[in-house]
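# Observations on the model geometry
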Amino acid sequence: MNKQPVDGAALLDEVEAFHRRFNVFPTEAAHVAVALWDAHAHLLDCFDSTPRIAFLSPEPGSGKSRALEVIETLVPRPMLAVNARAAALFRSVSDPAGRPTILFDEIDTVFGPKAGDNEELRGFLNAGHRRSGVTYRCIGDGGNQTVQGFPSYTAVAVAGLGSLPDTIMTRSVIIRMRRRARNEKVEPFRARIHEQQGNALRDRLAEWAEQVREKVSGAWPEMPEGVTDRPADVWEPLLAVADAVGGHWPRRAREACVALVKAAQANDKGSLGVRLLTDLRDHVMVGIDRLPTVAILDRLNALEDAPWADLHGKPLDSRRLSRMLGEYVTADGDPIASRNIRTAGGVLKGYHSTDLHDAWQRYCPPPPGITLQPLQALLPSSEATTA
């Protein structure tokens, strides 16, 4: 006997309402994204990628762990991970019983400023974003070892203080949590009572997922205008879920997508190198075609709300400035380097705007209300001599 079709829109409304009982998310968009993420975890094989969802806050007591507790009741095969090693995680994804949904609390203890780089775990989280993601390890004893690939593709939710490595942030839906205000009330979450209620919703999500799996597998959801590249990879599975459930969810999902992508871009300061290029363009060399290194350093280190006066306890110096800028190239393909600049007091080393212009065009966000000149508009100065 065929089962009655599950009303996906009504079910997702219930999932959202369940979260609202225990979680205060910062925006309506966050409530929408979390409910869609819960549902997408039941349909991973339908997608080419799976977004990480990251609950981040500047201070403890902001509801991040509670968000993971509620998600745990709603997703398939939840696996709580605190300080878990990458080896344990990628082996769990290869479990014949089925891949887990990894819920990684206190992620700041892994990637925070006192924790080191943890490249192995970062690599696992990055690779597992794609269905083709594989982690390779040597298996065996001594000289009798073989290389074996472990699938890494699985849904991951993380919670922690501060931020995350850029490579993980760009693969994530970012929910910036806040402490509850005095007028914001939620129910106390009691595992013995509420796990059963969440699990009942989880089972219905699994039933709905089986009914729409074929439809979702062939879906190519229309992205909102301006959402491309990595943000589109992140949101495509969530929009596919919204389109499959129907009702008001396709509209709400796209509104949430635009809101959270814009918020992520507003908070994205880019790499330290991009920040350096941008500060040089917008604050140091405005209207100047060349400037001695000593003047550049004085201006950079004097900038408020900039990292240059305190890089690991030391101000930016000429050696590090040279090394950072040397990672980028001029329009001719040569590494950016200091050149001789004639001044009233003699010849000093410094940098020319023409050498930086190509990198400014390629890596920096456009200045507000300003259109950058085309790449070919500026030509190297014939007066300068290369060091």
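Located above this text is the structure these notes cover.
Here we summarise the structure given alongside this text. (Residues numbered from 1 in each chain as written. Predicted model: local features only at pLDDT ≥ 70, side-chain atom pairs only at ≥ 80, totals over all residues. Heavy atoms only, no water.)

With that out of the way, let us pick up the pairing of strand S10 (residues 346-352). Taken together, the 3 bridges between strand S8 (residues 290-292) and S10 define a ladder with antiparallel strand orientation. Bridged to Leu291 within S10 is Tyr351. Examined bridge by bridge, strand S9 (residues 339-343) and S10 share 5 bridges and lie antiparallel to one another. Note that in S10 the partner of Asn340 across the bridge is Lys349. Counted between consecutive antiparallel strands, the loop separating S9 from S10 contains 2 residues. (Pairing = 2+ DSSP bridges. Helix = DSSP H or I, 4+ residues; strand = E, 2+ residues; numbered from the N terminus.)

It is worth spelling out the packing of helix H11 (residues 272-284) against helix H13 (residues 318-325) at this point. Where H11 contacts H13, the axes come no closer than 10 Å and their chain directions differ by 105°. Of the possible angle classes, the one that applies to H11 and H13 is roughly perpendicular. Here Leu272, Gly273, Leu276, Leu277 and Leu280 of H11 come into contact with H13, specifically with Arg320, Leu321, Met324 and Leu325. Here the residues of the contact of H11 with H13 sort into 7 nonpolar, 1 polar and 1 charged. (Axes fitted to C-alpha atoms, helices over the stretch in contact; angles between N-to-C directions. Parallel < 35°, antiparallel > 145°, perpendicular 65-115°, else oblique. Contact = heavy atoms within 4.5 Å. Nonpolar A, V, L, I, M, F, W, Y, C, P; charged D, E, K, R; others polar.)

Glancing now at the environment of Leu68. Looking at where Leu68 falls in the secondary structure, it is placed in helix H3 (residues 64-72). The spacing of Leu68 and Asp105 is 37 residues in sequence and 7.6 Å in space, taken between C-alpha atoms. Apart from residues lying up to four places away in sequence, Leu68 is in contact with Phe55, Leu103, Phe104, Asp105, Ala157 and Ala159.

The next point concerns the pairing of strand S1 (residues 52-57). Here S1 lies mainly inside the structure; 6 of its 6 residues are buried. Every second residue of S1 is oriented toward a common face, with Arg52, Ala54 and Leu56 on one face and Ile53, Phe55 and Ser57 on the other, all of them buried. Strand direction decides the pairing type here: S1 and strand S7 (residues 172-176), joined by 5 bridges, are parallel. From the neighbouring strand, Ala54 faces S7, where its bridge partner is Ile174. In the sheet, S1 pairs with strand S6 (residues 156-161) via 5 bridges, with the strands oriented parallel. Bridge pairing in S6 links Ile53 to Ala157. (Buried < 20%, exposed > 50% of the residue type's maximum accessible area, 1.4 Å probe, protein only.)

Interpretation note: all reported values are geometric properties and have no functional meaning in isolation.
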